[in-house]
Structures are given as C-alpha cells and as structure tokens.
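Architecture and fold: a report
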Amino acid sequence: MEEFTQRQKKIGGVLQKDLADILQKAVKDGGMRGVIISVSKVTVTTDLSVAKVYLSVFPNGKGKELIEGIRSNTTLIRHEMAQRTKNQLRRMPNLEFFIDDSLEYIDGIERSLKREEDPIKEADLLAKRKKK
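Small disclaimer: the values here were computed from a predicted structure and weren't measured.

Residues with a pLDDT of 70 or more make up 84% of the chain, whose mean pLDDT is 83. When mean pLDDT is taken per element in the chain, strand S3 (residues 94-99) scores highest with 94 and helix H5 (residues 124-129) scores lowest with 64.

Our next topic: the layout of surface pockets. Its boundaries defined by the atoms lining it, the second largest pocket holds a volume of some 320 Å³. In terms of lining residues, the second largest pocket is bounded by 17 residues, among which Ile22, Leu23, Ala26, Asn73 and Ile77 are the most central. Of all the secondary-structure elements, those providing two or more residues to the lining of the second largest pocket are helix H1 (6-29), helix H2 (63-72) and helix H3 (74-85). Among the elements that take part in the lining of the second largest pocket, H1 stands out by supplying five residues, more than any other. Partitioning the lining of the second largest pocket into residue classes produces ten nonpolar, three polar and four charged.

Turning our eyes to something else, we now look at the side chain of Thr74. Following the sequence through the fold, Thr74 ends up in helix H3. Polar contacts involving the side chain of Thr74 include one to the main-chain carbonyl oxygen of Arg71, which spans 2.9 Å. The contacts of Thr74, once residues within four sequence positions are left out, are Leu95 and Phe97.

Here we have three strands laid out as an open sheet, ordered S1-S2-S3, and mixed in their pairing. Each edge of the open sheet is held by one strand with a lone partner, namely strand S1 (36-44) and S3. Averaged over neighbouring strand pairs, the angle between their axes works out to 30° when direction is ignored. One ladder, built from six bridges, connects strand S2 (residues 50-58) with S3; its direction is parallel. The partner of Leu55 across the bridge, within S3, is Ile99.

Definitions and cut-offs
Residues numbered from 1 in each chain as written. Predicted model: local features only at pLDDT ≥ 70, side-chain atom pairs only at ≥ 80, totals over all residues. Heavy atoms only, no water. pLDDT = per-residue confidence, 0-100. Helix = DSSP H or I, 4+ residues; strand = E, 2+ residues; numbered from the N terminus. 1 Å grid on protein atoms, 1.4 Å probe; cavity = no way out; pocket = protein on both sides within 12 Å on 5 of 7 lines; lining within 4 Å. Points joined across faces, edges and corners; volume = space filled by probe spheres on them. Nonpolar A, V, L, I, M, F, W, Y, C, P; charged D, E, K, R; others polar. Polar contact = N/O pair within 3.5 Å; in protein donor to acceptor, adjacent residues only side chain to side chain. Contact = heavy atoms within 4.5 Å. Pairing = 2+ DSSP bridges. Axes fitted to C-alpha atoms, helices over the stretch in contact; angles between N-to-C directions.

Here's what the structure looks like:
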C-alpha cells in the first residue's frame, strides 16, 4: 500500500471538497433528477501532477453515463477547480475520473453472506463481481 505525504493528503482533501461541490451542482443543473454523486476518494501523485478522482454514483445504473459526461468535460472541470483553488495550489493537477464500485462489491458480498445469492451454485455471479 502506498504512503502519501501530508501535502498529498491535504491537496487531495481540498480537491475532494471542491470537486464534490462542482459535480453535484453540474448534476443538478443538468436536470438529472434522483441522481446522487459523491467524491469518495482523491489520490494525488507524488509530483502533484495527476489527481485520481473516485466517484460513487447512486443509482448504480447511471454511473457509466455520468462518468462519460464528466470525462468529456474534464477541461471545464479542471478550469473551475483552478479558479477555486488558485490561492491554495500553484498548479492544478490533471484530473482522472473513475467509478468507485466498492459499495457495489461490498453489497454483493453481503448478499452472499445472507445467502440471498450463492456464487458457488451460480457461477456467473463470480464473473460479474471480478474487479476490472
């Protein structure tokens, strides 16, 4: 597991808070009713040039569509972030967006433990749950 410096953690926290504001506003303004988006984690590389942003989306089915829209608007999001963080950061890191499917993964494990699904009897469940 990677160790992050205090600086990386601080920048990640600043980015996480501001990105959550920007993305939630964009979803609301875009007319996507009933969709909740949250920034679950932001990790910054040691040279502070790249920030990996992990997003949780509810309902799960909207995630793929939403991430494509976000990725196509990365330059606009990055510009907005640069405006918000200009007093805290000299350079805005490049943003890379990913879906955080850990909640979905945990839910699958929970269903198996409750015997709602049995991955041993239903082999196709395992293929669906494999991490990409």
